[in-house]
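Structure assessment
Each chain is listed here by its residues.
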Amino acid sequence: MRMPGLLLLAVVLVGVLVAAAGAEKKPAPPPNPSQALGTQALDAATCRDKALAAEKAQDRPGALAAWERVIDRCNATEEQRVEARAHIKELRPKVSRNTDPRKAHPWKVLVVIFRHLDFSWQDGEKTIEVRKTISPEDEKKIRKSVESFGGHVFRHSSGMLRIDADFAVIDEPLTKLYGDGKGPFCPAPHLIRPFTDPLIKGKPYDTVFSYVKYNGDEGPDVPAPWIASTFASLGEMGGAGYVNVPWHTNYPLPGETDGEMELHEWLHQIDWMFCHVLHYPDELVPTPDAGRFEGDDRPGGDPEYARKPTESTWMRFYQHIMEDHITRQMWAEAAMPSRRPSPSRVDFRSRKPLP
């Protein structure tokens, strides 16, 4: 989730920690994405040799594909992955990408816009009442942001993934938000289920966004705990991920581009999905919170990226995640549990690497 006023961002994800009590402590071998996906592991050294030979022969598409196999189909060390990503970063702009959205793998998104918020809370003995309405102009801004988010995804996945968005505008006022006392308050997933359940019934989505206006109109601004917050796969959303946006009329924030906030939150779900749904090693995809400025050596940052002081946005870091850490093969497999085939139909898990 994105906290107001902070550049270091956090995420709310659903996870399960498993401890192996009494197990003998031995160095664990590198995770093997090929075994996790039900395919035969390739040899990292062989893929490297193939990539270098292709580069020498000026076969850039072949070289890019071979380096990508080091990432997504080999039992590679981190040193081998770092080398592969460096070559991928150089080759990606020089290799043609899919430009036809119809050929891209779909990521199904439901965008729920609550037209009205009619809410109150107690501040001591005083009742604070607010009424907020998303105007037609506000709605245009939200739709533009989601459309821009889709453009970022298609472009930085090399045209392998597209956002298929359905919009639902709820005219019935939202009267409940989650929080105690004077707040902060958020549109928690269990509170909006009366509205979302009919929308997702029989139509599984990968991600659900909800937008609730928090400022302007009647009464003070609603206290918000974050700029936006992300949940991984939720039963309340039929297995889809959930992003709640306490929307303010100053979005996008100064210096940011349209769709940047949505992209950041969505990348948290992507990070979770590749590890917990497709069973790639967790370290393959960094969190979007791992961005650092030049000279910032705090732990947890991505050592292969540094934001320049002249930049006003984190988009270059998100591009680095999507183009250098995630391969075209991985994008072609992306899906949340809501749309993943059942174990008896795991055709995508045995899919051969892309040519």
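Check the entry above for the structure.
Quick summary incoming for the structure in this document. Residues take numbers from 1 onward in each chain, read along the sequence in its written order. Residues qualify for local features only when their pLDDT is at least 70, as the model is predicted, and side-chain atom pairs are given and counted only at 80 or more; totals for whole chains, interfaces and linings, by contrast, use all residues. In computing side-chain properties, one takes all heavy atoms of the structure into account and sets aside hydrogens as well as water.

1. Describing the overall build of the protein chain
- When its secondary structure is counted, the protein chain shows nine helices and seven strands.
- Counting every position in the protein chain, which comprises 355 residues, the buried fraction comes to 50%.
- What makes two residues a contact is simply this: any of their non-hydrogen atoms within 4.5 Å. A fraction of 73% describes how many contacts in the protein chain between residues 6 or more apart in sequence connect residues 24 or more apart.
- Surface accessibility of the protein chain: about 16,900 Å² in total, with carbon and sulfur atoms responsible for 54%. Helix and strand labels come from DSSP, where a helix needs a run of H or I of at least four residues and a strand needs a run of E of at least two; each type is numbered from the N terminus. For every residue, the accessible area (1.4 Å probe, protein chains only) is compared with the maximum for its type, and the residue is labelled buried under 20%, exposed over 50%, or partly exposed between those bounds. Each accessible area is a Shrake-Rupley result for a 1.4 Å probe, and residues are judged covered by the shown protein chains and nothing else.

2. Focus on the packing of aromatic side chains
- Classification of ring pairs rests on two measures: the distance between centres of Phe, Tyr or Trp rings, Trp counted by its six-membered ring, which must be within 6.5 Å, and the angle between planes, read as stacked under 30 degrees, edge-to-face over 60 and tilted in between. Summed over all chains, the structure comprises 17 aromatic pairs.
- Ring geometry for Phe149 against Trp266: centres 5.6 Å apart, planes inclined by 70 degrees, an arrangement best described as edge-to-face. Note that Phe149 is positioned in helix H5 (residues 136-156) and Trp266 in helix H7 (residues 260-276), a separation of 117 residues in sequence. Both residues of the pair, Phe149 and Trp266, count as buried.
- Judged by centre distance (4.8 Å) and plane angle (35 degrees), the rings of Tyr305 and Phe317 are tilted. Separated by twelve residues along the polypeptide, Tyr305 in the loop between H7 and helix H8 (315-325) and Phe317 in helix H8 bring together distant segments of the chain. Across the pair, Phe317 and Tyr305 agree in class, each one buried.
- Members of the aromatic cluster, joined through ring pairs, are Trp107, Phe149, Phe209, Tyr211, Trp266, Phe274, Tyr280 and Trp331.
- The cationic tip of Arg143 hangs over the ring face of Phe167; the distance from NZ or CZ to the ring centre is 4.3 Å.
- If you follow Arg307 out to its NZ or CZ, it ends over the ring of Trp314, 4.6 Å from the centre. We count a charge as sitting over a ring when the NZ of a lysine or the CZ of an arginine lies within 6 Å of the ring centre and within 35 degrees of the ring normal.

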